[in-house]
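Close look at the chain arrangement
Residue strings, one per chain:
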Amino acid sequence: MMARVWAVVPAAGRGTRFGGDLPKQYLVVDGAPLIAHALTALFAHDAVEGAVVPVSENDPDWPGWTEFAGKAVQSCIGGATRAASVLAGLQALPGSVRADDFVLVHDAARPNLSLTDLSHLMERGRNDPVGAILAAPVRDTLKRAGDDGGIDATEPRERLWRAFTPQLFRRMQLTRALESALADGVEVTDEAMAMERLGLRPLLVEGSESNFKITTPADLARFAFELAQRSR
Ligand code: CTP
Ligand code: MG
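These figures come from a predicted structure and were not determined experimentally.

Parameters at a glance
- Residues numbered from 1 in each chain as written.
- Chains lettered and ligands numbered in written order.
- Predicted model: local features only at pLDDT ≥ 70, side-chain atom pairs only at ≥ 80, totals over all residues.
- Heavy atoms only, no water.
- Pairing = 2+ DSSP bridges.
- Helix = DSSP H or I, 4+ residues; strand = E, 2+ residues; numbered from the N terminus.
- Contact = heavy atoms within 4.5 Å.
- Axes fitted to C-alpha atoms, helices over the stretch in contact; angles between N-to-C directions.
- 1 Å grid on protein atoms, 1.4 Å probe; cavity = no way out; pocket = protein on both sides within 12 Å on 5 of 7 lines; lining within 4 Å.
- Points joined across faces, edges and corners; volume = space filled by probe spheres on them.
- Nonpolar A, V, L, I, M, F, W, Y, C, P; charged D, E, K, R; others polar.
- Near = heavy atom within 4 Å.
- Polar contact = N/O pair within 3.5 Å; in protein donor to acceptor, adjacent residues only side chain to side chain.
- Areas by Shrake-Rupley, 256 points an atom, 1.4 Å probe, with all protein chains shown as cover.
- Core = buried A, V, L, I, M, F, W, Y, C linked by side-chain atoms within 4.5 Å.
- Buried < 20%, exposed > 50% of the residue type's maximum accessible area, 1.4 Å probe, protein only.

**Re the sheet that holds strand β1 (residues 5-8)**
In spatial order, the strands read β5-β6-β4-β1-β7-β11-β8-β12; together these eight strands make up an open sheet with mixed pairing. Each end of this open sheet is capped by a strand with a single partner; those strands are β5 (67-68) and β12 (203-206). With three bridges connecting them, β1 and strand β7 (residues 102-105) associate as parallel partners. Following the sheet pairing, Ala-7 is matched in β7 by Leu-104. Seen against the sheet, helix α1 (residues 34-43) touches β1, β4 (48-55), β5, β6 (71-77), β7 and β11 (161-170) and runs at an angle of roughly 155° to β4.

**Some words on the layout of surface pockets**
Roughly 880 Å³ of internal volume is contained in the largest pocket. For the largest pocket, the lining is made up of 33 residues, of which Arg-17, Lys-24, Arg-82, Asp-107 and Lys-213 are closest to its centre. Taken together, the elements giving at least two residues each to the lining of the largest pocket come down to α2 (82-91) and β11. Residues of the lining of the largest pocket, tallied by class, amount to twelve nonpolar, eleven polar and ten charged. One number sums up the size of the second largest pocket: a volume of about 180 Å³. In terms of lining, the second largest pocket is formed by Ile-133, Ala-192, Glu-196, Leu-200, Arg-201, Pro-202, Leu-203 and Leu-204.

**Topic: the site of ligand 1**
Of all residues adjacent to ligand 1, which total 19 residues, the nearest are Gly-15, Thr-16, Arg-17, Lys-24 and Ser-85. Here an oxygen atom of ligand 1 sits 2.8 Å away from a polar atom, N or O, in the main chain of Ala-12. The contact in question runs from a nitrogen atom of ligand 1 to an N or O atom on the backbone of Gly-79, over 3.0 Å. With the chains in place, 88% of the 560 Å² that ligand 1 exposes on its own is no longer accessible.

**With respect to the side chain of Glu-226**
Here Glu-226 lies in helix α6 (residues 217-230). In terms of polar contacts, Glu-226 uses its side chain to reach the side chain of Asn-112, at 2.9 Å. Looking at Glu-226, its side chain comes within polar contact range of the side chain of Ser-210, at 3.2 Å. Ignoring sequence-local partners within four residues, the contact set of Glu-226 consists of Asn-112, Ser-210 and Phe-212.

**Points about the nonpolar core**
Core analysis: the largest hydrophobic core is formed by 33 residues, its most contacted members being Val-9, Ile-35, Phe-43, Val-53 and Leu-104. Within the residue set of this core, elements represented by two or more residues are β1, α1, β4, β7, α3 (115-126), β8 (131-137) and β11. Not counting chain neighbours up to four residues away, the residues in contact with Val-53 comprise Val-9, Ala-11, Ile-35, Trp-62, Val-73, Gln-74, Ser-75 and Cys-76. Judged by nonpolar contacts, the second largest core, of 25 residues, contains Val-52, Cys-76, Ala-88 and Phe-169.

So, in structure tokens, the structure goes:
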């Protein structure tokens, strides 16, 4: 049997690029907020035991769940950056999660994760000494822009990947890596980057492009569309 894992689901962002008053993780699609879609996707895996959700202080929109789909949910106060929120989530994990247990980190704003991708990540990541992330190879040709908006160069896209979540790392190692980045004033935009700074090499696990993050209103429309397709 697979060892159980907990998830940290950062939801303390304000959604500045999306705009509007309601932070994007609480926008409702098909009767449920995005964070509910994200939790449903994670909890679909039998080995996922519960989730800690870092939210903003006095967040009026957090539904206050203590369980969801029959699994445990706990909230904690997030931080000023995504990395600080994830660190707060790691610290709020129950004591039953040991230092070398794997923990999943998954964006609340990434509602379209498939069980197939999650299963691959769990299988491959747990056989890696460091851990793993879901990602997809870059398909477009990459241009480097000059100050005037003209193209300075075409960058080789070979071996370039787009990092998604979930990302799977050991509780204590990830905690140390995020603490080190924060202490050094380096803003890491995902967990893997924090691990890489310590010389560790997480595994890339190829996942579906459908596991996109909701950043702009166009992304929300795409998610509504993909969800409708799924249930046809
Ligand atoms: N997040 C967080 N704490 C922060 C910033 C972000 O928990 N201080 C979370 C967001 O709620 C989201 C995830 O991290 O679920 C991914 O971040 P992003 O897409 O950048 O969301 P926002 O920071 O809310 O959006 P924006 O950058 O446009 O303001
Ligand atoms: Mg952000």
